[in-house]
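# Geometric and topological summary
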Amino acid sequence: MVECFTFGINNCYILHGEKYAILIDTCPQQYSNALLNVIKNKNISLLLLTHGHTDHIGCAGYIAKRLSIPIAMAQEDHILIERPNARPLFASTPLGFLICQGIKKQKTVPFFQPDIFLTHGQRLEEFGIQGRIFALPGHTAGSVGVWTARKEFFVGDAMMHIGFSLKPRLYENKSNMEQSFRNIWQSDATAIYMGHGTPVFRQARPIFKPNIVTIKNTTYLDCCKDMQSITKKIKHTKEEAHCESTK
Ligand SMILES: [Zn+2]
């Protein structure tokens, strides 16, 4: 089972195994308590960060401490914890440029030390999950995804469901980003869960090229039974998050 919680524009996922679950990504720091409240009784064994951008790691130290769980991320993004602008970000669209400016102004998050450095192919069975790490560099050098035995793909910001394109609007390395995007799209994933925007559910491998996709052609929201409950949960959490942030 997969649960999605959205805070602001950030998605956090709980990926459940038989006994344990892992939390994939956190959200901006101001949602720390709201996030903790919705995940605290879920038997979470690991906090896995898809990359080092502040909107995904903002509550990492707090959540890991409160739940007494290890934090895992790729070593390449370790530097971004203390220095969010350590490497330049590029954008190829006006929206990407705007997001880029926003990221540059973000404050450094409370420092935390990852317990595990993730590498491509690493398995997650010891945390109760039938899955493995898939390197998806480009958005950041240390971007990683989680590929599960059920053919779910958690891809962080290596794909973004914002507007009419799924391509990341900003990246450290464009050609790596494009390759990672192709790897995701050309996989036989039946569900793609992103750091921003709604998931994409697919019944079969697409036959059209990924770089000209539109939402209309790529989502099959009404054919997935899980979608309604996910959407409800997202709405519910958005309200909670809003209440939390206005206190
Ligand atoms: Zn990002």
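This is a predicted model, so every value here is computed, not measured.

Moving on: the overall build of the protein chain. Assigned secondary structure in the protein chain consists of 8 helices and 13 strands. The burial tally for the protein chain puts 42% of its 247 residues in the buried class. A separation of at least 24 residues holds for 64% of the contacts in the protein chain among residues at least 6 apart in sequence.

The phi dihedral of Asp-25 is positive, around 70°, even though this residue is not glycine. Counting through the fold element by element, Asp-25 comes out in the loop between β3 (21-24) and α1 (32-39). Despite not being glycine, Asn-43 has its phi angle at roughly 60°, a positive value. Mapped onto the secondary structure, Asn-43 falls in the loop between α1 and β4 (44-48). Judged by the 13 C-beta atoms lying within 10 Å of it, Asn-43 is partly exposed.

Looking now at the confidence of the model for the protein chain. Looking at the protein chain as a whole, its pLDDT mean stands at 83, while 82% of the residues score no less than 70. Looking across the protein chain, the model is least confident in helix α7 (residues 215-218), with a mean pLDDT of 33, and most confident in strand β5 (residues 71-74), with 98. Confidence over residues 206-247 falls short of pLDDT 50; this stretch has 41 contacts with residues more than four positions distant or in other chains.

Moving on, we get to the sheet that holds β5. Taken in spatial order, the 6 strands of this open sheet run β1-β2-β3-β4-β5-β7, and their pairing is mixed. Strands at the two margins of the open sheet, each flanked by one partner only, are β1 (2-7) and β7 (116-118). Between one strand axis and the next, the sheet turns by 25° as a mean value, whatever way the strands run. Two elements, β1 and strand β2 (residues 10-16), share 6 bridges in a ladder whose sense is antiparallel. Note that in β2 the partner of Phe-7 across the bridge is Asn-10. In the packing of helix α3 (residues 60-67) onto the sheet, contacts are made with β4 and β5, and the angle to β4 comes to roughly 165°.

Cut-offs used in this document
Residues numbered from 1 in each chain as written. Predicted model: local features only at pLDDT ≥ 70, side-chain atom pairs only at ≥ 80, totals over all residues. Helix = DSSP H or I, 4+ residues; strand = E, 2+ residues; numbered from the N terminus. Buried ≥ 20, exposed ≤ 12 C-beta atoms within 10 Å, placed from the backbone. Contact = placed C-beta atoms within 7 Å. pLDDT = per-residue confidence, 0-100. Pairing = 2+ DSSP bridges. Axes fitted to C-alpha atoms, helices over the stretch in contact; angles between N-to-C directions.

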